[in-house]
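Chain by chain, the residues:
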Amino acid sequence: METAFYVLAAVTVAGAVAAMALPRLVHCTLCLAVAFVGLAGHFLLLGAEFVSFAQVLVYVGAVAILVVFAMLLTRSADAPPAWVVSRPGLLGVGVAVLVFGCLAATVAGSGLAGREAPPAPEVTVKALGERLMAEYVVPLEVVGLLLTAALIGAVILALEDRAKGGT
Amino acid sequence: MMETLDQLFVLLKRWVVGEFPAAWRLWLSPLIDAGAIIGVFAGLFAVTTLLERKGLGRLQNRMGPNRVGPFGVLQPLADGLKMLTKEDIVPRAADRVVHFLAPIAMVTPILLAYAVLPFGRNLVAVDFDAGLLFFFAVGAGTELAVFMAGWSSRNKYSLLGAMRGIAQMISYEVPLVLSAVAVVLVAGSLSLPSIVDSQAGYHWGWLARWHVFTPWGLAGFILFLIAATAESNRSPFDLPEGESEIIAGHLIEYSGFKYALFFLGEYLGLFAVSALGITLFLGGWQAPVPFLAWVPSYLWFGAKLLGCIALFIWLRGTMPRLRTDQLMNFAWKFMLPLVLVNLVVAALWHGTAAWGFFGAGATRWLLGGAVLWLTYSALSHALFTAPGRGPRTYRYAD
Amino acid sequence: MKHTPGWGLLKGLFETARNFVGSYYQPGRLTTIEYPDERLPVQENFRNFPMLIYDGADPERGLRCVGCKICEKECPPQCIYIVLERDRSGKVQKRPRLFDIDVSVCMSCQICVEVCPFDAIKMNTEYELSTGDRFGALLLRKAELAKPNEYYRRLHPTEAAEVDARLAAAAQAKAAAQAKEQAKLTAKPAKPAWSTQP
């Protein structure tokens with residue numbers, strides 16, 4: 001289990017770093033997908049099957065593809081490769097380090113770190129579904145409504161575009 | 001005796017694993033599973049290529065391959081040798097790393113999907129609680145592989161093919177998953193072995209309790225088959241490859257072993273999705289009639305799988321290719337509403353399961369069937385036969 | 001039933017299923033033949049590449065070609081190469097020493113056949129010309145191109161009968177003219193028809 005964790009952690013971190021550092025945008029997207037898969041592996045390692053599979057389904061199957069489509073539809077894939085070691089790049093790294101430091105200091109100071117981890121609850125998909133459908137049904141529906149509204153908005157935008165561009 | 005034969009492979013594996021020291025067993029067991037799956041389904045791939053070529057030939061009044069060996073049975077061997085000895089060409093402008101990784105990214109997720117499929121009684125590699133979700137999750141990985149292949153080849157046709165392929169796979173994933181959701185709704189589980197168990201038993205001692213014998217199950221199975229055909233890029237939904245328009249699409253710059261891997265991935269995906277359809281709707285490894293229940297379960301599964309493959313070959317030999325707009329219209333305007341109605345019918349079916357009066361079963365069947373048939377007729381009328389929607393007219397070609 | 005949506009698909013499936021079953025016990029259904037074992041009969045109007053016709057038994061002496069080079073000049077892809085025979089003193093003879101046709105260049109247009117005034121070049125129907133030697137074996141020499149008139153008659157019976165009748169008539173007319181001329185001027189021998197033309 002330890003070995004699996006380290007391997008997965010290495011893959012995830014390497015994927016994430018590569019996603020930020022690689023000069024070509026397509027490579028970045030693919031590395032981002034690798035990082036997503038690594039995260040899903042972590043979830044699986046923790047016994048959260050459902051979350052893990054949903055992570056792959058949503059992030060690798062949909063988000064990565066969405067990024068790919070957005071990239072190919074909005075700009076030329078042959079844009080000059082931008083190397084990460086540039087002024088804005090370094091600035092970004094600096095900000096990231098600062099944020100990480102703040103968060104780490106807060107977590108370390110909160111006393112959470114010393115606490116014993118509670119035994120992992122046995123979460124079945126059934127229990128998860130029942131919770132979502134009974135206890136959290138209102139938030140679920142609200143999220144659904146929001147996404148539907150976004151979808152309809154996107155369709156309306158696309159329709160308007162066509163009406164203008166069409167004959 | 002029959003019991004032993006039914007559990008032959010399970011017992012065999014248990015015995016082999018038991019021969020090794022305890023420390024190895026944890027690693028050995030999944031390795032044996034993976035080896036068996038790869039071996040069996042790669043073999044089936046070889047057989048299927050031959051069956052497909054022979055079958056397509058016969059469907060089109062041709063002989064099919066009959067030169068290599070008696071009746072051409074050694075044709076897969078010849079094809080394989082040809083593939084392996086071909087020169088592996090990578091275009092100079094291609095992105096070599098991604099170009100190399102794409103076939104691997106194609107085959108790996110599909111092989112992973114086999115882990116949760118129950119091929120027989122107790123014959124499943126991993127029984128995940130969310131097995132169905134796992135299947136669809138890893139299946140989503142192939143879309144990225146198609147993009148990798150199309151983009152890295154640096155060829156406009158391959159990129160077009162990849163974009164078509166991704167658009168098609170995403171569109172048809174919705175009806176595919178939703179038709180499976182109907183089964184989950186009734187079976188009350190995402191685990192594939194327990195979905196098979198939910199179809200055990202027989203009505204009146206002879207009619208199997210498979211989901212395909214319910215109105216929502218029949219409609220769901222047909223919708224699932226259509227979506228599965230599109231998902232595995234087979235004719236009539238083979239636009240991403242469309243030889244006559246974009247010359248094999250994302251596969252255009254692949255040759256030799258890499259092409260063979262894509263080919264393998266395509267067929268393995270077809271088998272996997274057929275196996276899922278069998279598990280969800282056709283009772284998995286269960287016998288269709290009670291007096292044949294003594295036949296080993298994996299043989300039933302294999303027979304159903306071969307039947308499904310034959311059906312796909314038959315469809316391929318019959319249907320002409322769709323246009324892209326027809327493909328998308330069909331997915332979003334026809335399949336999606338129908339599959340949603342099917343979900344509602346499945347819920348009604350599940351809700352009325354407690355009806356006990358005489359003829360309750362027939363009433364439920366007729367009600368569900370009527371709702372589905374009306375939806376089907378109304379949708380097809382609105383989309384295809386309503387005034388102004390008739391056959392396409394051509395302004396210049398006439 | 002006919003207007004039920006999806007009916008056409010079922011009909012199509014039924015048709016292919018009938019093909020599938022029928023192809024096993026109705027050999028007449030099969031639209032293909034097993035090529036190397038069986039061949040379709042060659043149609044009379046089929047043509048592939050040119051050949052040279054000779055009369056009699058000797059392909060060298062009976063060759064109708066007189067080396068006028070009209071075909072060489074008219075050939076659109078210029079796949080014909082002719083060198084005339086010369087006698088010991090260097091005088092040009094009326095027969096080709098070399099007559100090569102590069103069939104990898106020939107486009108089977110039959111223009112050479114149409115322009116030939118001597119019916120010496122005709123179209124062959126031989127189509128199995130594949131070879132491992134693409135530079136040598138696809139350049140057909142005079143010996144390979146020469147075919148007896150009987151062969152031509154077998155390939156294109158109608159056309160050959162027409163040609164034979166025409167040639168016989170021409171020969172008859174020529175013999176008659178010759179006899180007439182001989183009667184008039186016994187000293188002067190007749191010249192061949194083509195050398196008098198411009």
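Residues numbered from 1 in each chain as written. Chains lettered and ligands numbered in written order. Predicted model: local features only at pLDDT ≥ 70, side-chain atom pairs only at ≥ 80, totals over all residues. Heavy atoms only, no water.

Enquirer: Help me understand the overall build of chain C, please; the structure alone is not making it clear to me.
Expert: Counting secondary structure elements, chain C contains 7 helices and 6 strands. In chain C, the succession of α and β elements from N to C terminus is α-β-α-β-β-α-β-β-α-β-α-α-α. The C-alpha radius of gyration of chain C comes to 26 Å, more than 25% above the 16 Å expected for a compact globule of 198 residues. With respect to the three principal axes, the spread of C-alpha positions in chain C is 95 × 40 × 30 Å. Buried residues in chain C amount to 29% of all 198 residues. (Helix = DSSP H or I, 4+ residues; strand = E, 2+ residues; numbered from the N terminus. Rg over C-alpha atoms; globule rule 2.2 N^0.38 Å. Buried < 20%, exposed > 50% of the residue type's maximum accessible area, 1.4 Å probe, protein only.)

Enquirer: I keep staring at the interface of chain B and chain C and nothing clicks. Help me out?
Expert: Where interface size is quoted, it is often the accessible area lost as the parts come together. Each partner contributes to the interface: chain B provides 17 residues, whereas chain C provides 18 residues. Per-residue buried area on chain B facing chain C is highest for B:Arg58, B:Asn61 and B:Arg67; these three make up 40% of the total on that side. Its salt-bridge partner being C:Asp37, residue B:Arg67 comes within 3.3 Å of it at the nearest N-O pair. Our count for the chain B to chain C interface comes out at 10 residue pairs in polar contact (both at pLDDT 80 or more). Among the elements of the structure, helix H3 (22-59), helix H12 (297-318) and helix H14 (360-385) of chain B are those that each provide at least two residues to the side of chain B that touches chain C. Per-element accounting of the side of chain B that touches chain C gives the leading share, 4 residues, to H12(B). Along the lines of polarity and charge, the residues of the side of chain B that touches chain C split into 7 nonpolar, 7 polar and 3 charged. (Contact = heavy atoms within 4.5 Å. Buried area = accessible area lost by both parts, 1.4 Å probe. Salt bridge = Lys/Arg side-chain N within 4 Å of Asp/Glu carboxyl O. Polar contact = N/O pair within 3.5 Å; in protein donor to acceptor, adjacent residues only side chain to side chain. Nonpolar A, V, L, I, M, F, W, Y, C, P; charged D, E, K, R; others polar.)

Enquirer: Sorry if this is basic, but what is going on with the sheet that holds strand E2 (residues 80-86) of chain C here?
Expert: Sheet strands pair by backbone hydrogen bonding; their relative direction is either parallel or antiparallel. All names here are of chain C. Within the open sheet, the 3 strands sit side by side as E2-E3-E5. Their pairing is antiparallel. Only two strands of the sheet have a single partner each, and these edge strands are E2 and strand E5 (139-140). Direction of pairing for E2 relative to strand E3 (residues 92-102): antiparallel, over a ladder of 6 bridges. Bridging from a neighbouring strand, Tyr81 pairs with Asp100 of E3. (Pairing = 2+ DSSP bridges.)

Enquirer: I'm lost on helix H9 (residues 215-231) of chain B in this one. Help?
Expert: Residue pairs spaced three or four apart in an α-helix point in one direction, given the helix's 3.6 residues per turn. All names here are of chain B. Look at H9: 24 Å from first C-alpha to last across 17 residues, which is about the 24 Å you get at 1.5 Å a residue. Extensive coverage of H9 is indicated by the burial of 14 of its 17 residues. Phi turns positive one or two residues past the end of H9, at Asn233, with a value near 55°. (Expected span 1.5 Å × (residues − 1).)

Enquirer: Could you clarify how one ought to interpret the pairing of E3(C) in this entry?
Expert: Consecutive residues of a regular strand have side chains that alternate between opposite faces of the sheet. All names here are of chain C. Hairpin connection from E2 to E3: 5 residues lie between these consecutive antiparallel strands, with Gly90 at a positive phi of about 95°. Examined bridge by bridge, E3 and E5 share 2 bridges and lie antiparallel to one another. Its bridge partner lying in E5, Asp102 is registered against Leu139.

Enquirer: Just to check I follow, could you spell out unusual backbone geometry for this structure?
Expert: For residues besides glycine, phi is generally negative; the peptide bonds are generally trans as well. Residues and elements named next belong to chain C. If you check the backbone angles, Ser108 has positive phi at about 60° while not being a glycine. With respect to the element layout, Ser108 can be found in the loop between E3 and helix H3 (111-115). Looking at Ser108, the relative accessible area reads 17%, which means it is buried. With a phi close to 75°, Gln110 is a non-glycine residue in the positive phi region. Among the structural elements, Gln110 can be located in the loop between E3 and H3.

Enquirer: Looking at this model, I keep getting lost on H14(B). Mind explaining?
Expert: Here H14(B) contains 26 residues, and its C-alpha end-to-end distance of 35 Å stays within 8% of the 38 Å for a straight helix at 1.5 Å per residue. Considered for burial, the residues of H14(B) that qualify are B:Ala360, B:Arg364, B:Gly368, B:Leu372, B:Thr375, B:Leu379, B:Ser380 and B:Leu383.

Enquirer: Is there a simple way to think about the environment of C:Phe118 in this case?
Expert: Secondary-structure assignment places C:Phe118 in the loop between H3 and strand E4 (121-123). Spatially, the C-alpha atoms of C:Phe118 and C:Cys65 are 6.9 Å apart, while their sequence positions differ by 53 residues.

Enquirer: Got a minute to help me understand empty space enclosed by the protein in this structure?
Expert: Where empty space is left in the structure can be found by rolling a water-sized probe over the atoms. Applying the stated criterion across every chain, the model contains 4 cavities of 30 Å³ or more. Approximately 290 Å³ is the volume attributed to the largest cavity. Contributions of two or more residues to the lining of the largest cavity are made by helix H5 (96-113), helix H6 (131-152), helix H7 (156-187) and helix H11 (256-281) of chain B. For the lining of the largest cavity, the leading source of residues is H11(B), giving 5 residues. When the residues that make up the lining of the largest cavity are grouped by side-chain class, the tally is 9 nonpolar, 7 polar and 4 charged. Roughly 90 Å³ of volume is contained in the second largest cavity. Looking at the second largest cavity, it is lined by 15 residues, and the ones nearest its centre are C:Cys65, C:Cys68, C:Cys71, C:Cys116 and C:Ile121. Looking at the lining of the second largest cavity residue by residue, the classes come out as 13 nonpolar, 1 polar and 1 charged. (1 Å grid on protein atoms, 1.4 Å probe; cavity = no way out; pocket = protein on both sides within 12 Å on 5 of 7 lines; lining within 4 Å. Points joined across faces, edges and corners; volume = space filled by probe spheres on them.)

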